[in-house]
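Here is how the chains run, residue by residue.
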Amino acid sequence: QVQLVESGGGLVQAGGSLRLSCAASGRTWSPYAMGWFRQAPGQEREFVAGISWSSGIRALPDSVKGRFTISKDNSINTVYLQMNSLKPEDTAVYYCAARRSRAGTWSQEALYDYWGQGTQVTVSS
């Protein structure tokens, strides 16, 4: 069984930065990709960033491009989300997810096999 554990969330002022971490554990760990999603109150969960585990190819939507960066450390099975220039509208629960399939698009939630419990990010104005 694979477990994903997020950390690094918290309260930050607008314009500030946070770095989220997601550590994976399990008997075997060889995902195709990992991603970050977020869900604000009353809204659907949305894709924030993705990274291919082997090639390092990244994908970010325009809403966060230039402000957020996704990276990974294969040696410790950890993926990071560096968030800069945070805005109040970035407030949400952030989830880490992993997928085995390379089919479909980055943002398709149904293609992600494992999910973390989420970490709250609150950006004050």
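Going along each chain's sequence as written, the residues are numbered from 1 onward. The predicted nature of this model means local features are confined to residues of pLDDT at least 70 and side-chain atom pairs, given and counted, to a pLDDT of 80 or more, with totals for whole chains, interfaces and linings taken over all residues. Side-chain measures here rest on the full set of heavy atoms in the structure, leaving out hydrogens and waters.

Chemist: Looking at this structure, how should I read the state of the cysteines?
Modeler: Think of a disulfide as a covalent bridge from one cysteine sulfur atom to another cysteine sulfur atom. Cysteine sulfur pairs qualify as disulfides if the two atoms are within 2.5 Å. Applying the stated criterion across every chain yields a total of 1 disulfide. Across the disulfide from cysteine 22 sits cysteine 96; the S-S distance is 2.0 Å. In this structure, the disulfide formed by cysteine 22 and cysteine 96 twists by about -75° around the S-S bond and is classed as left-handed. Of this pair, cysteine 22 sits in strand E3 (residues 18–25) while cysteine 96 sits in strand E9 (residues 92–99), and the two are 74 residues apart along the sequence. Of the residues examined, cysteine 96 reaches a relative accessible area of 0% and is grouped as buried. By the criteria applied, helices consist of DSSP H or I runs no shorter than four residues and strands consist of E runs no shorter than two, each listed in order from the N terminus. Here's how the labels work: a residue is buried when its accessible area is under 20% of the maximum for its type, exposed when over 50%, partly exposed in between, all with a 1.4 Å probe on protein chains only.

Chemist: Please clarify how the packing of aromatic side chains should be interpreted in this entry.
Modeler: To describe a pair of aromatic rings, one takes the distance between the centres and the angle between the planes. In this analysis, rings of Phe, Tyr and Trp, with Trp reduced to its six-membered ring, are considered paired at centre separations within 6.5 Å, and the interplanar angle assigns stacked below 30 degrees, edge-to-face beyond 60, and tilted for intermediate values. Going through the model one piece at a time under the given rule, you end up with 4 aromatic pairs. With centroids separated by 5.6 Å and ring planes inclined at 70°, the aromatic side chains of phenylalanine 37 and phenylalanine 47 adopt a geometry described as edge-to-face. With phenylalanine 37 in strand E4 (residues 33–39) and phenylalanine 47 in strand E5 (residues 46–52), this residue pair connects regions lying 10 residues apart in the sequence. Given the relative accessible area of 0%, phenylalanine 37 is considered buried. Put simply, the rings of Phe37, Phe47, Tyr112 and Trp115 pair up and form one aromatic cluster. The criterion for a charge sitting over a ring is simple: Lys NZ or Arg CZ within 6 Å of the ring centre, and within 35 degrees of the ring normal. One residue, arginine 99, lies across the ring of tyrosine 112, its end atom 5.1 Å from the ring centre.

Chemist: Help me out: how do you make sense of the nonpolar core in this one?
Modeler: Across soluble globular proteins, nonpolar side chains have a tendency to be buried as a group. Leu4, Met34, Trp36, Phe68, Leu81, Met83 and Tyr94 are the most contacted members of the largest nonpolar core, which totals 29 residues. Contributions of two or more residues to this core are made by E3, E4, E5, strand E7 (68–73), strand E8 (78–83), E9 and strand E11 (119–124). By definition in these notes, contact holds between two residues if any of their heavy atoms fall within 4.5 Å. Excluding anything up to four places from it in sequence, leucine 4 contacts Cys22, Ala23, Ala24, Trp29, Met34, Cys96, Ala97, Ala98, Tyr114, Trp115, Gly116 and Gln117. Listed in part, the 5 residues of the second largest apolar core include Phe37, Phe47, Ala97 and Tyr112. Residues enter a nonpolar core if they are buried and are Ala, Val, Leu, Ile, Met, Phe, Trp, Tyr or Cys, with the set joined through side-chain atoms within 4.5 Å.

Chemist: What is the right way to read the side chain of arginine 67 from this model?
Modeler: Its location among the elements puts arginine 67 in the loop between strand E6 (58–59) and E7. By the criterion applied in these results, polar contacts are pairs of N or O atoms within 3.5 Å in which, for protein atoms, one can donate a hydrogen and the other can accept it, and in which residues neighboring in sequence qualify only through two side-chain atoms. A distance of 3.0 Å separates a polar atom in the side chain of arginine 67 from the backbone oxygen of serine 85. Within the structure, arginine 67 has its side chain in polar contact with the side chain of aspartate 90 (distance 2.7 Å).

Chemist: Honestly, the sheet that holds E8 in this entry has me stumped. Any pointers?
Modeler: Remark on secondary structure: sheet strands pair via backbone hydrogen bonds, oriented parallel or antiparallel. Ordered by their spatial adjacency, 4 strands build an open sheet running E1-E3-E8-E7, and the pairing between neighbours is antiparallel. Each edge of the sheet is formed by a strand with only one pairing partner; in this case those strands are strand E1 (3–7) and E7. On average, each strand axis in the sheet is tilted by 15° relative to the strand beside it, whichever way the strands run. Strand pairing follows a simple DSSP-based rule, namely that at least 2 bridges must link the two strands. Sheet topology note: the E1/E3 ladder contains 5 bridges and is antiparallel. Paired with serine 7 across the bridge in E3 is serine 21. Axis geometry follows a simple rule: fit a line to the C-alpha atoms, using only the stretch in contact for helices, then measure angles between N-to-C directions, giving values from 0 to 180 degrees.

Chemist: I keep staring at the pairing of E5 and nothing clicks. Help me out?
Modeler: Regular strands have side chains that alternate between both faces of the sheet. Of all the 7 residues making up E5, 6 are buried; the element is thus mostly covered by neighbouring parts of the structure. Direction of pairing for E4 relative to E5: antiparallel, over a ladder of 6 bridges. Following the sheet pairing, phenylalanine 37 is matched in E5 by phenylalanine 47. Alignment of E5 against E6, held across 2 bridges, turns out to be antiparallel. Residue isoleucine 51 lies in a different strand from E6, and its bridge partner there is arginine 58. The turn linking E5 back onto E6 is made up of 5 residues, and glycine 56 within it adopts a positive phi angle of 80°.

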